Structure formats: structure tokens, C-alpha cells
Protein chains: 2
Amino acid sequence: MSVEIAKRYFELMDSTSTGTDEVLDLYAEGATIKSPRKGVIHGKDDIQSFYEANAEFFTGGEHVMEHFHHDGDTVICEGTLDGSTVEGRNFEGVGLVDIMSFDDNDKIESFRAYLDYSAVLTEVPDDEDVPSFRDD
Amino acid sequence: MSVEIAKRYFELMDSTSTGTDEVLDLYAEGATIKSPRKGVIHGKDDIQSFYEANAEFFTGGEHVMEHFHHDGDTVICEGTLDGSTVEGRNFEGVGLVDIMSFDDNDKIESFRAYLDYSAVLTEVPDDEDVPSFRDD
């Protein structure tokens, strides 16, 4: 059941003992991620690199999820994020939405992350460095 | 029907001839907005000030909405934003989710905005200046 898998995702993300493999297991082979920091990435190899880079950038983090909205094959996860970054910024109550679309095997085939990175970064990126959510 | 009202909201926001009054008409009296720039605000007076401040900050803007997810009384609007700010920053394809919960009269009683402001601002706010999504 996709809402349960979405909840499991955040448990894994906040656990200090979880490896990237357990998160990757939730994804379908040809899955896609869209995120503010990386734009659009495809496939499990790049998804693995994405989570490894995240684990280096965020030195700690806790999701406080308030709603799991559900429409068809899609779960919209709404909440806030507390945490800290390798660059030394601490943040709390930053609004976050992660949208997961599932395939027929209850694997995530599309993950779209929405987060206000101005509350997380220590420098504003140049316009050219801002990855687009559009895949074109 | 709440999805139609959500679509109407973005038409109004992108129209150059729309006044704040038409947007305010979509809201219930005691409505709440949560946004990355302002935190939590309550009531139509503060909501009016919010939209007036937005209209000054964003010198132009176009929403490209991709999905209107629907769960009960809530519509989750997912897309991207193109635009420019009074500070001279132009941006394109910035991921955006606006979540609207409606009352029995199809008025918005809760609006939660999720946008990556690092793609929009010209300076990273201080930690103390980052408003929390939490209402406490």
C-alpha cells in the first residue's frame, strides 16, 4: 500500500543506521527524481549518487510529516524538515513536499522533491546553476 | 468544484489585469497561509498584505501547472514557476507546490506554498530570518 511505503521512506531517511540500499529498494529500475538541487535524474545508478551526495551534504535531519495526501497512484507527503548541513547551517521547520508516484508493483517510479533551499544553503546559487524541474 | 477553483487561482495570479480583490474572494474569512517567505499568517487582512507584498516583489510571473492532485477537501497543485523579481533576478522552471484545503462553501481555508526560494532570492536569509512553517 503506497501510503505505508511513503511513511517507510521517511523512517529510513531519518534513521542513522539505514544504508542507501534500503532506500534504493523502494525505487523502480527506471525511476526518475526531480529535485531543486539536481534537476531531473534518471535510473538507479544516478539515484544512488543522489542519495550519497545528500548524505554528505545533510549531516543530520528529521522529517516531521503532517499529511499523506493520496490520489490514484500518487502520494503527496507534506511536512517540515529540521536538520543541519556540512556547511554548518542549522535549520528547523522548513516546509517540504515530496511527491511519489508508484508503479503496479508499489515501487516508486517518480519522485519530485519540493523544499525551500534558501533556508538550507549558505550561498545563493547563480542563475545558471539553478537546475530546472523541466526535463527539456 | 475545488479543482476548478484551484485552476482559476493560477489564472488570476498570472493575469496582468487581475486585482488582489479577485484572489481574496477565493479565501474564507479566517483562512491561513503558510509560505517560505512569511511563515504562518491568519485572516483576510494579512492575506491581502501578503498578496500586495508578492505583487511588489515579483515583477512578472507565469505558473506552468502539471498536476492537480485531489484528496478529500484538499487540492495539491504541482508545477513550475517562471518569473522575475524587483531585485532583478530572472528564473525559469522553479518547482512549486501550492496546497489548498477548502471549506464546505468551496472557499480556501488553508493555503500552503512550497517553492525553492534559493532560485528566486538574491541573498540567502539569515537563520533568524527564515520563517518556520510551524505555527508555534
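Fair warning: this is a prediction, and the values are worked out from it, not measured in the lab.

Trainee: Report on the interface of chain B and chain A, specifying residues and quantitative values.
Mentor: Listed as interface residues are 41 residues of chain B and, on the opposing side, 41 residues of chain A. Around 3,000 Å² of area is buried between chain B and chain A when both sides are counted, 50% of it from carbon and sulfur atoms. Considering only the surface of chain B that becomes buried against chain A, Tyr114(B), Val124(B) and Arg134(B) emerge as the three largest contributors, covering 21% of it. There are six salt bridges connecting chain B and chain A. Measuring nitrogen to oxygen at the nearest pair gives 2.8 Å for the salt bridge that ties Arg112(A) to Glu78(B). Between chain B and chain A we count 16 residue pairs in polar contact (both at pLDDT 80 or more) in total. Those elements that place two or more of their residues in the side of chain B that touches chain A are strand S3 (58-71), strand S4 (74-85), strand S5 (90-102) and strand S6 (108-115) of chain B. Looking at the side of chain B that touches chain A residue by residue, the class counts come to 16 nonpolar, 12 polar and 13 charged.

Trainee: Would you mind going over helix H1 (residues 2-14) of chain B in detail, with residue names and values included?
Mentor: The terminal C-alpha atoms of H1(B), which comprises 13 residues, lie 19 Å apart, in line with the 18 Å expected from a rise of 1.5 Å per residue. Taken together, the buried positions of H1(B) are Ser2(B), Val3(B), Ile5(B), Ala6(B), Tyr9(B), Phe10(B) and Leu12(B).

Here is what the cut-offs are and how they apply
- Residues numbered from 1 in each chain as written.
- Chains lettered and ligands numbered in written order.
- Predicted model: local features only at pLDDT ≥ 70, side-chain atom pairs only at ≥ 80, totals over all residues.
- Heavy atoms only, no water.
- Contact = heavy atoms within 4.5 Å.
- Buried area = accessible area lost by both parts, 1.4 Å probe.
- Salt bridge = Lys/Arg side-chain N within 4 Å of Asp/Glu carboxyl O.
- Polar contact = N/O pair within 3.5 Å; in protein donor to acceptor, adjacent residues only side chain to side chain.
- Helix = DSSP H or I, 4+ residues; strand = E, 2+ residues; numbered from the N terminus.
- Nonpolar A, V, L, I, M, F, W, Y, C, P; charged D, E, K, R; others polar.
- Expected span 1.5 Å × (residues − 1).
- Buried < 20%, exposed > 50% of the residue type's maximum accessible area, 1.4 Å probe, protein only.

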